[in-house]
Amino acid sequence: MLQHSFVLDSLETTGADTFEHFETLIDEHRERQDSPQPSRLQQLVPTIGTFHTPLPLRDAFEAYNDKHKLTKRKHIQISFNELRHILNLAQIMAFSDRRKILRAFSDIQDDESSGSSEKCSQDGRNDGETIGTFHGPQLISFDGDQTLYSDGANFESNPKLAHQLYTLLRHGVAVAIVTAAGYEYNVEKYEYRISGLLRYFENKQLTPEECNRFYLFGGECNYLLRLGPDYRLVPVPEEGPSGWLTATQSLKDSPANWSEQDISNLLDSAMATVEYTISELNLKARAIRKKRSVGLVPLEPGKQTEISRESLDETVLRSHEALRKMRNGEGPGLPYCAFNGGTDAWVDVGNKRVGVQILQSYLGITPERSLHIGDQFLNTGNDYAARDVSPCIWIINPQETTYILKTILRLAGIAPHDKMDGHDDGTGALTKRPSHIDFDEMERRSQAVQKMDVYTGKMVTMT
């Protein structure tokens, strides 16, 4: 529809109406999701999934077009990436009062053009801002690699993104990293990957209550950790009255309901497929097996030996095929995820649909008040499954994540440059409240990061 308008040079007059038509189709589809009769949208796109919220697409298009002037172009039509940005913006807007949307988006543009920051009162807070007043998602989950930090790297120093995550926690939002990285409950290995973020939180002196809202789910949905009052990650108990496995037994695909035999069978099949693929395609790679995953990773620890995207995708699709054939074509009987991680490929027991759903159940937050942000939404990616249980934002790098969070904060009524508790010098250090961080310990962690194989968690000598 958009291509037709572009060819006829009528996008400027019809573009907004076209997006409004898309919006109408989605609203109709949401109303008929439980109906045996397919919606018009489902007839046009049979594989269409679930929309957890309405999407104000006309407002999003108008705001995006006002900034980027898409309808003024004569030779280049709207691209896939621009549609992705418009849909992302519409999803963010869905959490907000529509009357505030255009004004807020205009303010974001003003900030970018002027390079100015918000004026703060003497106590470091933005005038008129109240802690706890947040009109947005109650749970925001994030992928790790290429969403919060570069692929295969660590969250070491990104003050702007760290401050946005800190601001969300201060305003009552549950923040979770849902990552494929699985080191069981070896807490230090996860801390190595996000050492800069933890350092920022400690410098900013998050309260114990605020720390309690930060989670990390390792191995997609297998190892749940929470930030303690000492700014160290601690495992959340699995069993007992407060155990996350106990609390989620009612969920069909919860790890609480998996059998060790089914897990072993799935991993046996995945390992055989990965090893055969390495041999047949002559890949400079190694196969590794963990408690809940199998990976194809670069041959030498610490060196990013390039494995072609085509080879990684081939490994993923072969794994999908092998797993679907298990149990006479019934599949492995467990949720799983086979995905191309950019520099590696993995088959995990469980997936991010299960991980996000467990967090929602454990925290008592509904899908329409949740948001998942990630970069892997192709069918060979591991964020893809999260669409079933949560609204999603598709980004491609940490810079886009920063912009998305800036927009979320603005639409929620929070100034993105809010410093709250005194002067922030860009590292999280405050003049109001002294930091009690142990810099020797953080230096030890930082050095350890440089010597850790992020795939296995083993310490290696880097050359």
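The protein chain appears in an unreviewed UniProt entry as IMP-specific 5'-nucleotidase 1 from Fistulifera solaris. Recorded under Subunit (unreviewed entry), the UniProt text for the protein chain is reproduced unchanged: "Homotetramer." Listed under Sequence similarities (unreviewed entry) in UniProt, the entry text for the protein chain is "Belongs to the ISN1 family."

S.K.: Help me understand the pattern of salt bridges, please; the structure alone is not making it clear to me.
M.R.: In a structure, side chains of opposite charge can pair up when their charged atoms sit close to one another. A full pass over the atoms with the stated rule returns 25 salt bridges. In this structure, D17 and R58 form a salt bridge, with 2.8 Å as the shortest nitrogen-oxygen distance. With D17 in helix α2 (residues 11-31) and R58 in helix α4 (residues 57-68), this residue pair connects regions lying 41 residues apart in the sequence. Given a relative accessible area of 45%, D17 falls into the partly exposed group. Note that E28 and R40 form a salt bridge whose closest N and O atoms lie 3.1 Å from each other. Of this pair, E28 sits in helix α2 while R40 is found in helix α3 (residues 40-44), placing the two residues twelve residues apart along the sequence. Under the relative-accessibility criterion, R40 is labelled partly exposed at 41%. Taken together, the shared-partner salt bridges connect D17, E20, R58 and E62 into one network.

S.K.: So what exactly am I meant to see when it comes to the side chain of H320 here?
M.R.: Here H320 is to be found in helix α13 (residues 309-324). Assessed through its relative accessible area of 16%, H320 is described here as buried. When sequence neighbours within four positions are dropped, the list of residues in contact with H320 reads Y336, A338 and N379.

S.K.: Hey, could you run me through the packing of aromatic side chains in this one?
M.R.: Note on aromatic pairs: each is described by the distance of the centres and the angle between the planes. One pass over the structure, following the stated rule, counts nine aromatic pairs. Judged by centre distance (5.5 Å) and plane angle (75°), the ring pair of F19 and F22 falls under edge-to-face. Within this pair, F19 and its partner F22 are both found in helix α2, separated by three residues, close to a single helical turn. With a relative accessible area of 3%, F19 lands in the buried category. Residue classification places F22 among the partly exposed residues on the basis of a relative accessible area of 23%. Centre to centre, the rings of Y185 and Y223 are 5.4 Å apart; their planes meet at 80°, and the pair counts as edge-to-face.

S.K.: How do you make sense of unusual backbone geometry when you look at a structure like this?
M.R.: What you tend to see is this: most non-glycine residues have negative phi, and most peptide bonds are trans. A positive phi angle, near 65°, is found at Y231, a position not held by glycine. Relative to the helices and strands, Y231 resides in the loop between β4 (223-227) and β5 (233-235). The class for Y231 is buried, based on a relative accessible area of 9%. Despite not being glycine, R327 shows a phi value in the positive range, around 55°. On the secondary structure map, R327 appears in helix α14 (residues 326-329). For R327, a relative accessible area of 43% puts it in the partly exposed group.

S.K.: Any chance you could explain the pairing of strand β8 (residues 336-340) here in plain terms?
M.R.: The side chains of a regular strand alternate, residue by residue, between the two faces of the sheet. Within β8, five of the five residues are buried, which leaves the element mostly enclosed by the surrounding structure. Burial of the side chains of β8 extends over both faces: Y336, A338 and N340 are buried on one face and C337 and F339 on the other. Bridge analysis of β8 against strand β9 (residues 345-349) gives five bridges, and the strand direction is antiparallel. From the neighbouring strand, F339 faces β9, where its bridge partner is W346. Hairpin connection of β8 to β9: four residues between the antiparallel strands, including G342 at a positive phi of 100°.

S.K.: Help me understand helix α7 (residues 159-170) in this model?
M.R.: Since the α-helix turns once every 3.6 residues, residues separated by three or four places project in the same direction. The first and last C-alpha atoms of α7 sit 16 Å apart over twelve residues, in line with the 16 Å expected at 1.5 Å per residue. Of all twelve residues making up α7, ten are buried, and the element is well covered by its neighbours. Residues L161, A162, H163, Q164, L165, Y166, T167, L168, L169 and R170 constitute the buried set of α7. Contact partners of the buried residues in α7: β1 (139-142), β2 (174-178), α9 (195-204), α10 (208-211), β3 (214-218) and α16 (398-411). Downstream of α7 by a residue or two, G172 has a phi angle that is positive, lying close to 90°.

S.K.: How should I be thinking about the environment of P56 in this particular structure?
M.R.: Along the chain, P56 falls in the loop between α3 and α4. A sequence separation of 35 residues divides P56 from Q91, and the C-alpha atoms of the two residues are 7.6 Å apart.

S.K.: Would you mind showing me how to read the sheet that holds β9 here?
M.R.: Note: strands within a sheet are paired through backbone hydrogen bonds, in either parallel or antiparallel orientation. Pairing in this open sheet of four strands is antiparallel, and the strands run β6-β7-β9-β8 from one edge to the other. Taken across any chain shown, the strands that pair with only one partner, and hence form the sheet edges, are β6 (285-289) and β8. Going from strand to strand, the sheet's axes swing by 15° on average, the running direction of each strand aside. Contacts between helix α12 (residues 260-280) and the sheet are confined to β6, β7 (293-298), β8 and β9, with β6 contributing the most and set at about 170° to the helix. In this fold α13 packs onto β7, β8 and β9, with an angle of close to 160° to the strand it touches most, β8.

Cut-offs and rules
- Residues numbered from 1 in each chain as written.
- Predicted model: local features only at pLDDT ≥ 70, side-chain atom pairs only at ≥ 80, totals over all residues.
- Heavy atoms only, no water.
- UniProt positions renumbered as here; feature names shortened; annotations may be inferred.
- Salt bridge = Lys/Arg side-chain N within 4 Å of Asp/Glu carboxyl O.
- Helix = DSSP H or I, 4+ residues; strand = E, 2+ residues; numbered from the N terminus.
- Buried < 20%, exposed > 50% of the residue type's maximum accessible area, 1.4 Å probe, protein only.
- Contact = heavy atoms within 4.5 Å.
- Phe/Tyr/Trp six-rings, centres within 6.5 Å; stacked < 30°, edge-to-face > 60°.
- Pairing = 2+ DSSP bridges.
- Expected span 1.5 Å × (residues − 1).
- Axes fitted to C-alpha atoms, helices over the stretch in contact; angles between N-to-C directions.

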